[in-house]
Amino acid sequence: MQEKNKMGRGFLLILLSALFLFNPVIGFVDPVPNCFGYLLLCLGLSQLADLSESVSESLRRFRILLLLSLAHMLGIYLIYGVMGARSAEMNRLEQPVYILLASFLFLLAQWYFLIPAMRDLFKGIRTLAEAQGADALTRENRKGKTPIDRIRTATTRFVILSSLFAMLPELTILTSFEYEVENRYFPFDWYRFVGLFRILFGFAAFVVGILWLIRMIRVCIKAMKDKPWLDALHERYCREVLPQTGMLTVRRFSGVFFLFRLALIFAISLRFDNQSILPAFFFAILAIFAIYSLGDLVSREARLPVFIASVWLGGVGVAQIFFTADYLKHFLPEASLYQPDAYRAFLIVRAIDVAEVVLTFVLVWILLRFFMSIVTSHTAVDYGSNDARYLSADATKRLHREFRVRHYLSLIFFFIGTCFGIVDAWFRLEYPWMWIPAALFTVVGIACAYSFLFELKTQIQYTYRSNGMNKNQ
């Protein structure tokens, strides 16, 4: 009975994802981040994707959109956090231009990825509804349109209009350029009213989003109420997919390794005007989510150290962002060299930066140990006969030894990068170039860790005799 509700929960997650996607983007700021909506969509479509190639293609695009939405959050931090802290030193047109450029890139991403993703999603749902007899989703109205057809059209309109409404107010910055020259084309600086335009277009985008959300809720409720259709989908899933246990295991490991590779990027210590470009806070969040995604594949005792280290790093990362922003709000970075109050305030910032660098290395070290535990528990060489069991055991030892070498190489480079990172965090004003060797050694360590994870994924595919693809598609 518990398994039979999973298809319904999938549509519930699709419905919940719409609550994160309908809200307007104002000044490139997304009040309710879309990344949570895309994450819920990826989770909700995980089972349906094995029953429809169109849904599977849609899931692939939603994963790309998840990464782009994380980049969106990073862009908000860089534009409003890093640039906002030094707005007094910048040209007044510089930050608005970056907002316009980012809004335009956001529009392109929405049109290029989200529209086809939604189109494939509803195409796949309609195919499943017609094949399994979902009357509520295939019943046509007087115009010959099914609920799936109507929501697909409404979704295309919503994506186009909401992204346009997000970018149009930012175009007013172009009138500021013309207004400052003698022979200007625009006789008026419309950017002075950009706040009003953002409110008006934001309200229009909100109305469009509400109308789309209502349609989305109706379709998802119709799908969740059609119990015979959900039971038929579940029966087909149990018949065609669940017997492929190796495929499901490989898929989960592949997804977790991808999250870890993404998380390791935020271990690089890059700074712009004394503010971190890649906050370690994101490293901690991604590591926690990856550990949670493993579920029962790895014991709770093995996952607990990663979780604890991630929580500590996340807390210090938040403190680092807060104290750095507060310091730059009251002082210039160089003020700590000659002002006692600035020196005391910057001393706290430096101490937190050092703690963040150290905790980042601790989390990397724990993660590498965690990966080695996966190597010993989920990889082995098997030549397939009792006579060759000694050869298999010897080959398994050699395989684990190779992984251990990659593990130590990565750890050594991370350690050297951490040492330079500590010096950079404490003496960044005296030695402003120290971030370069810290970043270079960390990048080499990440490259070694990527090689480790890629080979581990290959060996897990060999162990479970699957590449993660559904044989029935």
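The structure we're discussing is the one just above.
Computed from a prediction, not measured in an experiment: that's the story for all the values here.

A. Seen up close, the overall build of the chain. Across its full length, the chain carries 15 helices and two strands. When burial is assessed residue by residue, the chain has 48% of its 473 residues classed as buried. Taking as baseline every contact in the chain between residues at least 6 positions apart, the subset at least 24 positions apart corresponds to 76%. When the accessible surface of the chain is totalled, it reaches about 23900 Å², and 65% of it is carbon and sulfur.

B. Region of the structure containing the environment of F454. Checked against the element boundaries, F454 lands in helix α15 (residues 435-463). The class for F454 is exposed, based on a relative accessible area of 57%.

C. Expanded view of the environment of V362. Residue placement: V362 occurs in helix α13 (residues 340-378). Between the alpha carbons of V362 and S310 there is a distance of 9.4 Å; along the sequence they are 52 residues apart.

D. Main features of unusual backbone geometry. Not every positive phi belongs to a glycine, and F28 is a case in point at roughly 70°. Relative to the helices and strands, F28 is located in the loop between α1 (6-21) and α2 (34-44).

E. Structural detail: the packing of α1 against α2. Where α1 meets α2, the axes come as close as 8 Å, and the angle between the chain directions of the two elements is 165°. If you check the angle between α1 and α2, you find them roughly antiparallel. As for how α1 packs across α2, the hand of that crossing is left-handed. Residues G10, L13, I14, L16, S17, F20 and L21 of α1 form the contact with α2, whose own contacting residues are N34, F36, G37, Y38, L40, L41, L43 and G44. Of the residues that constitute the contact of α1 with α2, the class distribution is ten nonpolar, five polar and no charged.

F. Structural detail: helix α11 (residues 280-294). Under the 1.5 Å per step criterion, the end-to-end length of α11 is 22 Å for 15 residues, consistent within 8% with the ideal 21 Å. Within α11, the full set of buried residues consists of A280, F282, F283, A284, L286, A287, A290, I291 and L294. Looking at the residues trailing α11, positive phi occurs at G295, about 60°.

G. Summary view of a nonpolar patch on the surface. A surface patch of nonpolar side chains, amounting to about 910 Å² of accessible area, comprises Y343, L347, V423, W426, F427, Y431, W433, W435, I436 and L440. Counting residues per element, the ones that place at least two in the nonpolar patch are α13, α14 (389-426) and α15. A per-element tally of the nonpolar patch places α15 first, with three residues. Here V423 lies in helix α14.

H. Summary view of the environment of L233. Within the fold, L233 resides in helix α9 (residues 227-240). Look at L233 and you get buried, because its relative accessible area is 0%. Taking C-alpha positions, L233 is 7.3 Å from Q132, a pair spaced 101 residues apart along the chain. Dropping the residues within four chain positions of it, L233 is found in contact with M7, L48, L51, L128 and Q132.

I. Main features of the packing of aromatic side chains. Scanning all chains against the criterion turns up 20 aromatic pairs. An angle of 45° between the planes, with centres 5.8 Å apart, marks the rings of F165 and F201 as tilted. With F165 in helix α6 (residues 147-167) and F201 in helix α8 (residues 194-225), the pair connects residues that are 36 residues apart, well separated along the chain. When its relative accessible area of 25% is taken as the criterion, F201 is described as partly exposed. Grouped by ring-pair contacts, the aromatic residues F253, F257, F260, F370, F371, F403 and F452 constitute a single cluster. Above the plane of the ring of W365 lies R369, whose end atom (NZ or CZ) is 5.3 Å from the centre.

J. Spatial organisation of the packing of α13 against α14. Look at α13 against α14: their axes get within 9 Å of each other, and the N-to-C directions meet at 180°. Of the possible angle classes, the one that applies to α13 and α14 is roughly antiparallel. In terms of residue class, the contact of α13 with α14 is built from 18 nonpolar, six polar and four charged.

K. Quick look at the pattern of salt bridges. Going through the model one piece at a time under the given rule, you end up with twelve salt bridges. Across the pair D120 and R61 runs a salt bridge, and its minimum N-O distance is 2.5 Å. One end of the pair, D120, is in helix α4 (residues 94-132); the other, R61, is in helix α3 (residues 53-85), and 59 residues separate them in sequence. Note on D120: relative accessible area 9%, which makes it buried. Relative accessible area serves as the criterion here: at 17%, R61 is assigned to the buried category. The closest approach of N and O atoms between R398 and D394, which form a salt bridge, is 2.4 Å. One end of the pair, R398, and the other, D394, are both in helix α14, four residues apart, so they sit about a helical turn from each other. Take R398: its relative accessible area is 39%, and that puts it in the partly exposed class.

So, how was this worked out
Residues numbered from 1 in each chain as written. Predicted model: local features only at pLDDT ≥ 70, side-chain atom pairs only at ≥ 80, totals over all residues. Heavy atoms only, no water. Helix = DSSP H or I, 4+ residues; strand = E, 2+ residues; numbered from the N terminus. Buried < 20%, exposed > 50% of the residue type's maximum accessible area, 1.4 Å probe, protein only. Contact = heavy atoms within 4.5 Å. Areas by Shrake-Rupley, 256 points an atom, 1.4 Å probe, with all protein chains shown as cover. Axes fitted to C-alpha atoms, helices over the stretch in contact; angles between N-to-C directions. Parallel < 35°, antiparallel > 145°, perpendicular 65-115°, else oblique. Left-handed = near helix turned anticlockwise from the far one by under 90°. Nonpolar A, V, L, I, M, F, W, Y, C, P; charged D, E, K, R; others polar. Expected span 1.5 Å × (residues − 1). Patch = residues over 30% accessible without salt bridge, like charges linked within 9 Å, V, L, I, M, F, W, Y side chains within 5 Å. Salt bridge = Lys/Arg side-chain N within 4 Å of Asp/Glu carboxyl O. Phe/Tyr/Trp six-rings, centres within 6.5 Å; stacked < 30°, edge-to-face > 60°. Lys NZ or Arg CZ within 6 Å of the ring centre and 35° of its normal.

Purely spatial values, then, with no claim about function.
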